[in-house]
Amino acid sequence: MLRKASRTLLLSAVCALVAPIAARADDATAAMPSAHARISFERVRFPGDGPRVGLVGTSYLVDVPKVEGLSIGPAVYGAITGGRGGFFTVGGEVAWRRALYGPFGVELGFYAGGGGGASAPQGGGLMLRPHADLVWDRGSYALGLSLSRVQFPNGQIDGTQLGLVVNFVNDFRHVPASQLDQPARASGRSGFGFDRIQLVAGAYRPRTGTRLVDGRAAPGTIGFLGARAEQAFASNAYWGVEANGAAQSTVAGYAEYLGTLGVEIELVPRSLTIGGRVAAGMAGGGAINTSGGLLAKAAAYGIYRLSNDFGIALEVGITDAPRGDFRALHASAGLVWALDGPADSGITVRPTRTDFGAGVERYTAARRDGSQRVLQADILRINRYVGSHLYLTGQVHSAVSGGAGGYTAAYLGAGWLQPLGAGLLAGAELIAGAAGGGGVESRGSIVQPTAYLAYQVTPSTALRLGVGRISALRGPLSSTVVDLSLVFSYGVAAGN
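Numbering of residues starts from 1 in each chain and follows the order in which that chain's sequence is written. Side-chain atom pairs in this predicted model are given and counted only at pLDDT of 80 or more, local residue features only at pLDDT of at least 70, and totals for whole chains, interfaces and linings cover all residues. Water and hydrogen atoms were dropped before computing side-chain values, which therefore reflect all heavy atoms in the structure.

Chemist: Break down the overall build of the protein for me, citing the residues and quoting the values.
Modeler: Of the regular secondary structure elements, the protein holds one helix and 27 strands. Residue exposure (1.4 Å probe, protein chains only): buried if accessible area is under 20% of the type maximum, exposed if over 50%, otherwise partly exposed. The burial tally for the protein puts 53% of its 496 residues in the buried class. Two residues qualify as a contact provided that any one of their heavy atoms is within 4.5 Å of a heavy atom in the partner residue. When contacts within the protein are restricted to residue pairs at least 6 apart in sequence, long-range pairs at least 24 apart make up 60% of them. In this description, accessible areas are obtained by the Shrake-Rupley approach with a 1.4 Å probe, and a residue is regarded as covered only by the protein chains that are shown. A total accessible area of about 20,500 Å² is found for the protein, and carbon and sulfur atoms account for 62% of it. Secondary structure elements are defined from DSSP: runs of H or I of at least 4 residues count as helices, runs of E of at least 2 residues count as strands, and each element is numbered from the N terminus.

Shown next, in the form of structure tokens:
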């Protein structure tokens, strides 16, 4: 009964996160909504006598037009202190803000997501986090004190605590889905506001003698796949986020989610760029010993431009978990894709379609104990179109029930969407990536082809039903998968 209630609650939360903005977003006369990049920190009591777990939350919430104070969007929570490195959850958040007196206001919010890890008693992995924040509004940013409750309904984690929050505010520039076939004036950054993204493949070389949490020797080389998104804030400086996951069976389930700062210069104009960056954030899982979860990096890189939009990046650097036993050299290669750019070009271009989707999926997953059991996971996906029908996609799937708390999969891939008429659409996509944790026998690398049908509820919103196959490249995980999602579409006017 509890598992059924948890699934129902999660699906309801997904609908609540996407449906309100979908119903309003087709109004082309609506004012440009604001976007809120939130970072929070709190110390959560887990069962047992250990120290409280320092939990960092990051979310990107977009205002719902014509619903004053309401915003929705994706969120990630993860541990950086307290001996639970590798504890992550990924999901969606809804928040409502109201001014109280002068610059002071209140924010009420609710998060629902899936994940876990680090041997925490998270049960199936569903995490709920209602919160109430007292905030001091400073215009482009706000500071606040947060009261929250972190609960895993089908696990043992349930705590109430105080925390801190900072909220950075900017415009969410976009073109309504109803106007995707009309030229629009490029006016700088739009959508999520990143100037470029990178798709990365690389490897860590741990120092000699590195041990895993269970005492085994760490592999001599640890392959990983990942993605980075970056935005310039000065002529030669930028900030960004990156996410990486191990693509190797020995440490399947290892993942990172980091913020990064960098500087770079054009060594050869419009051809060769060199730079350096530092990064810090949360990491762990896969038996890699990051202790509380804090991870730091320093790296140097070069980017060779193949065209105005694409380039190849090579990077070398040092990675260190300062409180754990993981220090390594790393090297990686990346495909760099320039997006909107910070400058107001003023030219008229055809908008680029972008889809954001949230939903749930269900399949039978092979477990490390030899059993086969049903697993349910939440889904967050973003698609960016490179043609009228062809799109690239990035996705995160995290377990919310089925006794697989801590299982997470991160994917990259491509898809094709074809209108059929009368509001019906058909599509297919192929995604591949890294997965692990939660006792699922994935052994690192997985692929998932899917065919789907969608119904266009409004110009900006579609309901999607998909059927596919999830398979581990080197493990016994192989099952038919069914997913149900709500998809919100909008356009970005790229002026590069």
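Chemist: With reference to specific residues and values, describe the environment of Asp-355.
Modeler: Summarising the element assignment, Asp-355 is placed in strand β20 (residues 352-366). What makes Asp-355 buried here is its relative accessible area of 4%. Separated by 105 residues in sequence, Asp-355 and Ser-460 have C-alpha atoms that sit 9.1 Å apart. If near-sequence neighbours (up to four positions away) are discounted, Asp-355 is found in contact with Arg-381, Ile-382, Asn-383, Tyr-385, Val-487, Phe-488 and Ser-489.

Chemist: Can you lay out the pattern of salt bridges for me, pointing to particular residues and giving the numbers?
Modeler: For salt bridges, the criterion is a side-chain nitrogen of Lys or Arg within 4 Å of an Asp or Glu carboxyl oxygen. Under the counting rule described, the total for this entry stands at 23 salt bridges. Measuring nitrogen to oxygen at the nearest pair gives 2.9 Å for the salt bridge that ties Glu-42 to Arg-129. Residue Glu-42 is found in strand β1 (residues 34-44), and its partner Arg-129 is found in strand β6 (residues 126-137); the two are separated by 87 residues along the sequence. On the basis of relative accessible area, Glu-42 is assigned to the buried category, the value being 2%. Across the pair Arg-305 and Glu-266 runs a salt bridge, and its minimum N-O distance is 3.9 Å. Of this pair, Arg-305 sits in strand β16 (residues 294-305) while Glu-266 sits in strand β14 (residues 255-268); the two residues are 39 residues apart in sequence, bridging distant segments of the chain. A relative accessible area of 24% places Arg-305 in the partly exposed class. Assessed through its relative accessible area of 43%, Glu-266 is described here as partly exposed. Put simply, Arg-196, Arg-228, Glu-230, Glu-242, Glu-256, Glu-264, Arg-277, Lys-297 and Glu-315 are held in one network by salt bridges that share partners.

Chemist: Mind laying out the sheet that holds strand β11 (residues 196-206), listing which residues take part and the relevant values?
Modeler: Between any two strands, pairing holds if DSSP finds at least two bridges. Strands sit in the order β11-β12-β13-β14-β15-β16-β17-β18 around a closed barrel of eight strands; the barrel is antiparallel. Each adjacent strand pair in this sheet contributes to an overall mean axis angle of 25 degrees, direction not counted. Examined bridge by bridge, strand β13 (residues 237-246) and β14 share nine bridges and lie antiparallel to one another. Following the sheet pairing, Glu-242 is matched in β14 by Leu-258. Axis definition: a line fit to C-alpha positions, over the contact stretch in the case of helices; interaxial angles, taken between N-to-C directions, run 0 to 180 degrees.

Chemist: Account for the packing of aromatic side chains, with residues named and values stated.
Modeler: Only rings of Phe, Tyr and Trp enter the pairing, Trp through its six-membered ring, and a pair is recorded when the two centres are within 6.5 Å. The plane angle decides the type: under 30 degrees is stacked, over 60 is edge-to-face, the rest tilted. Taken as a whole and assessed by the stated rule, the structure comprises ten aromatic pairs. Each ring, one from Phe-46 and one from Phe-87, has its centre 5.2 Å from the other, and the planes form 70 degrees; the classification is edge-to-face. In this pair, Phe-46 is assigned in the loop between β1 and β2 (53-63) and Phe-87 in the loop between β3 (70-81) and β4 (88-101), connecting sequence segments 41 residues apart. When sorted by exposure, Phe-46 lands in the same class as Phe-87, which is buried. With 5.6 Å between their ring centres and 80 degrees between their planes, Tyr-204 and Phe-326 make a pair best called edge-to-face. Taken together, the residues Tyr-204 in strand β11 and Phe-326 in strand β18 (residues 326-338) connect sequence positions 122 residues apart. We note that Tyr-204, like Phe-326, is buried.

Chemist: Help me get a handle on empty space enclosed by the protein, residues and values and all.
Modeler: Both site types are read off a 1 Å grid over the protein atoms alone. A 1.4 Å probe that fits but cannot get out defines a cavity, while an open set with protein on both sides within 12 Å along at least five of seven lines defines a pocket; lining residues have an atom within 4 Å of a point. Grid points are joined across faces, edges and corners, and a volume is the space filled by probe spheres set on the points. The final tally for this structure, using the stated rule, is seven cavities of 30 Å³ or more. One number sums up the size of the second largest cavity: a volume of about 120 Å³. Lining of the second largest cavity is provided by 15 residues; of these, Arg-353, Asp-355, Leu-417, Tyr-452 and Val-487 occupy positions nearest its centre. Mapped by element, the contributors of at least two residues to the lining of the second largest cavity are β20, β21 (372-385), β25 (444-458), β26 (461-472) and β27 (478-492). Here the lining of the second largest cavity is built from residues that sort into seven nonpolar, four polar and four charged. Any residue that is not Ala, Val, Leu, Ile, Met, Phe, Trp, Tyr, Cys, Pro, Asp, Glu, Lys or Arg is counted as polar, Gly included; the first ten are nonpolar and the last four charged.

Chemist: Would you mind going over the pairing of β25 in detail, with residue names and values included?
Modeler: As judged from the twelve bridges shared by strand β24 (residues 424-436) and β25, these two strands associate in the antiparallel manner. For Glu-429, the partnering residue across the bridge sits in β25 and is Thr-450. Counted along the chain from β25 to the antiparallel partner β26, the turn is two residues long.

Chemist: Tell me about unusual backbone geometry, and name the residues and values.
Modeler: Backbone geometry at Ser-119 places phi at a positive 60 degrees, although glycine is not the residue there. Structurally, Ser-119 is set in the loop between β5 (104-116) and β6. Take Ser-119: its relative accessible area is 71%, and that puts it in the exposed class.

Chemist: Tell me about the sheet that holds β5, and name the residues and values.
Modeler: Taken in spatial order, the eight strands line up as β1-β2-β3-β4-β5-β6-β7-β8 and close into a barrel, and their pairing is antiparallel. Taking the axes of each pair of neighbouring strands and ignoring which way they run, one obtains an average angle of 25 degrees across the sheet.

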